[in-house]
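One letter stands for each residue in the lines below.
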Amino acid sequence: MKTILKTTLKLLLRNKGFWFFLIVTPMLSVIMLNIKVADSTYFLAGLGNDNLLELESTDEKVAYYNNGNGMLIIKVYDASGSELSEYFLKSLADNGMFKLLRAKAADMDEAAFREKLKSDGIEDRMTAAIYLKADFDQKMLAGNSTEAFEIDILSDDGRCEMFETEAGNIAGFMITAATVSSGDPGKTMEMLNAAGGVKAEKEVVTLQNPDERALTKDQNNQKTRMGYVFAFLTLGFMFCGIFVAHTVIQEQKEQVLTRIKLTNAGSFTYFLAKFLTGVIVSVILTFVLGIGIMFIEEEKLGMARGQILLLTFFLGLIFCSISLLLGILFEDVMTANVVAFTIWSLSSLLSGLYFPLNATTKLIKVISGIMPQKWFVEGVEMIFVGDNSAYIMLLCIVAAYLTLVVSLGGLGLKMKKAEA
């Protein structure tokens, strides 16, 4: 077995393609860990009580911010950008039932808003929109709230009526403060801020799906980065493993396995030697990644470096062994390459590494549960919230996949032996 192991490693180290995936994919993963992910990238799942969020522009879709927590999604076109408009929006957000997505649009007039709403009402998925006019302050201070802002209801959700009522109540309160302050902007804001300190306190309780974990905004961004990292790493493991599979395919063609059997080293010994080669490849690739993340602050990673490396090694065991299985099952190198790429691309897509699958059909969710990466993303979430059972879960996942690969690999070797 030692001879087979040494020979396989020598063949791998002479292969330039092997070195490419061994070095480049971990380095790409390190680059992804350094990239700042926008809050909208992972659809802002589990943002807590931060219900007034900023959009980069009026073209940004608010449908991406629907994290399934039951809040009413409101798009805000803010042409005012003043202290009074800020107070108005924050008071609406404090209600706890509405999620406001504000796009600052200083140059937007009422005609432009109407035109924009025509397209957004069709292309975007929002329940209501509110337009704060450029002269919001003047109209509010003059006691004319009906001309200060405009609300457009875009769905038949019953809570929209509650939103209109709440907006009217807040506007009425602001007009009262403006009247008492004789329309002085500074004094009005002072009175509103002082009144804010004596408002009756309320507690907003969000009922969370027991299958979901409450992550902070930063943790969601870190989780998004880890999803991309897993995509690159699985590509590296898959194709580093496929080079091991190439040696199996070549040796089958050259009857090397038959000659090995004549030395009383059976199929199991041969398979075990190739499997251990995959383990060594996983260790090397994990080591290369470890060198890269040494230059990244641990706080930016969201978890300890050792935890990332452990997850990486577990992931490597699964995908290197799958690649080895392809070498046993297929007799053609090109076929094995195509199947390996197909497995990598589909598994990354269906496991939710690129985008969440919360709104997909039950069938897609069932298929997602078969993909190894899906469970590693789950493990990342569990580690973020301090759930140490993540390691037991991942060990079980690795054991399950390795058992499946070993069983199918043994069956494949027996079939090859019968054909011979």
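Structure: above.
Residues numbered from 1 in each chain as written. Predicted model: local features only at pLDDT ≥ 70, side-chain atom pairs only at ≥ 80, totals over all residues. Heavy atoms only, no water.

Peer 1: Even after reading the chapter, I still don't get the nonpolar core, so can you show me in this structure?
Peer 2: In globular proteins that are soluble, nonpolar side chains generally tend to be buried together. Among the nonpolar cores identified, the biggest contains 68 residues, and Phe230, Met238, Ile242, Leu311, Ile318 and Phe376 are the most heavily contacted of them. Elements with a contribution of two residues or more to this core: α1 (2-13), α2 (16-34), α8 (217-253), α10 (267-293), α12 (305-329), α13 (333-350), α15 (372-384) and α16 (389-419). The greatest single-element share of this core, amounting to 17 residues, is contributed by α8. Beyond its immediate stretch of four places on either side in the chain, Ile242 contacts Ser323, Leu326, Ala336, Asn337 and Ala340. Leu52, Val76, Leu100 and Phe136 belong to the second largest nonpolar core, which has 32 residues in total. (Core = buried A, V, L, I, M, F, W, Y, C linked by side-chain atoms within 4.5 Å. Buried < 20%, exposed > 50% of the residue type's maximum accessible area, 1.4 Å probe, protein only. Helix = DSSP H or I, 4+ residues; strand = E, 2+ residues; numbered from the N terminus. Contact = heavy atoms within 4.5 Å.)

Peer 1: Where do I start with empty space enclosed by the protein in this structure?
Peer 2: Take a probe with the size of a water molecule and roll it over the atoms, and the empty space left behind shows itself. For the structure on display, the rule yields one cavity of 30 Å³ or more. Here the largest cavity defines a volume of roughly 60 Å³. If you go around the largest cavity, the residues you meet are Gly241, Val244, Lys274, Phe275, Gly278, Val279, Leu317, Cys320, Ser321 and Leu324. Those elements that place two or more of their residues in the lining of the largest cavity are α8, α10 and α12. Classifying every residue of the lining of the largest cavity gives six nonpolar, three polar and one charged. (1 Å grid on protein atoms, 1.4 Å probe; cavity = no way out; pocket = protein on both sides within 12 Å on 5 of 7 lines; lining within 4 Å. Points joined across faces, edges and corners; volume = space filled by probe spheres on them. Nonpolar A, V, L, I, M, F, W, Y, C, P; charged D, E, K, R; others polar.)

Peer 1: Looking at this structure, I do not really get the packing of α12 against α15. What am I missing?
Peer 2: Between two packed helices, the angle of one axis relative to the other and the distance separating the axes together describe the packing. Where α12 meets α15, the axes come as close as 11 Å, and the angle between the chain directions of the two elements is 165 degrees. Classified by the angle their axes make, α12 and α15 are roughly antiparallel. Considering the relative orientation of α12 and α15, their crossing is right-handed. In this structure, α12 uses Gln307, Leu311, Phe314, Leu315, Ile318 and Phe319 to contact α15, whose residues at the interface are Pro372, Gln373, Phe376, Val380 and Ile383. For the contact of α12 with α15, the per-class residue count stands at nine nonpolar, two polar and no charged. (Axes fitted to C-alpha atoms, helices over the stretch in contact; angles between N-to-C directions. Parallel < 35°, antiparallel > 145°, perpendicular 65-115°, else oblique. Left-handed = near helix turned anticlockwise from the far one by under 90°.)

Peer 1: Mind showing me how you'd approach the sheet that holds strand β2 (residues 72-78) here?
Peer 2: Two orientations exist for strands paired in a sheet by backbone hydrogen bonds: parallel and antiparallel. What the five strands build is an open sheet, ordered β1-β3-β2-β4-β5; its pairing is mixed. Every interior strand has two partners, whereas the edge strands, β1 (52-54) and β5 (149-153), have only one. Strand after strand, the sheet turns through a mean of 20 degrees between neighbouring axes, direction not considered. Contacts between helix α3 (residues 83-93) and the sheet are confined to β1, β2, β3 (98-104), β4 (128-132) and β5, with β3 contributing the most and set at about 155 degrees to the helix. (Pairing = 2+ DSSP bridges.)

Peer 1: Looking at this structure, how should I read the packing of aromatic side chains?
Peer 2: Aromatic ring pairs are defined here through the distance separating the ring centres and the angle between the ring planes. Considering all chains together, one arrives at 13 aromatic pairs under this definition. Centre to centre, the rings of Phe21 and Phe243 are 6.3 Å apart; their planes meet at 50 degrees, and the pair counts as tilted. Residue Phe21 is located in helix α2, and its partner Phe243 is located in helix α8; the two are separated by 222 residues in the primary sequence. Exposure remark for Phe243: the relative accessible area of 12% places this residue in the buried category. Summarising the aromatic geometry, the rings of Phe88 and Phe149 are spaced 5.0 Å apart at their centres and angled 40 degrees between planes, so their arrangement reads as tilted. Here the residue Phe88 occupies a position in helix α3, and Phe149 occupies one in strand β5, the gap between them amounting to 61 residues. (Phe/Tyr/Trp six-rings, centres within 6.5 Å; stacked < 30°, edge-to-face > 60°.)

Peer 1: Explanation requested: the pairing of β3 in the structure shown.
Peer 2: Within a regular strand, side chains alternate between the sheet's two faces. Counting buried residues along β3, six of its seven residues qualify, which places the element largely inside the surrounding structure. Pairing of β1 with β3, which is carried by three bridges, proceeds in the parallel orientation. The residue bridging Glu54 from the neighbouring strand is Arg102, located in β3. Where β2 lies against β3, seven bridges are found, and the strand directions are parallel.

Peer 1: Would you take a moment to explain the side chain of Thr247 for this structure?
Peer 2: With respect to the element layout, Thr247 can be found in helix α8. In this structure Thr247 comes out as buried when scored by relative accessible area, which is 10%. A distance of 3.2 Å separates the side chain of Thr247 from the side chain of Lys274, its partner in a polar contact. Thr247 has contacts with Thr8, Leu11, Tyr270 and Lys274, leaving out every residue within four places of it along the chain. (Polar contact = N/O pair within 3.5 Å; in protein donor to acceptor, adjacent residues only side chain to side chain.)

Peer 1: Just checking my understanding: could you explain a nonpolar patch on the surface for this structure?
Peer 2: Among the surface-exposed residues, Leu13, Trp19, Ile23 and Met27 lie close enough to one another that they form a single nonpolar patch of about 340 Å² accessible area. With three residues, the single largest contributor to the nonpolar patch is α2. Tracing the chain through its elements places Ile23 in helix α2. (Patch = residues over 30% accessible without salt bridge, like charges linked within 9 Å, V, L, I, M, F, W, Y side chains within 5 Å. Areas by Shrake-Rupley, 256 points an atom, 1.4 Å probe, with all protein chains shown as cover. Salt bridge = Lys/Arg side-chain N within 4 Å of Asp/Glu carboxyl O.)

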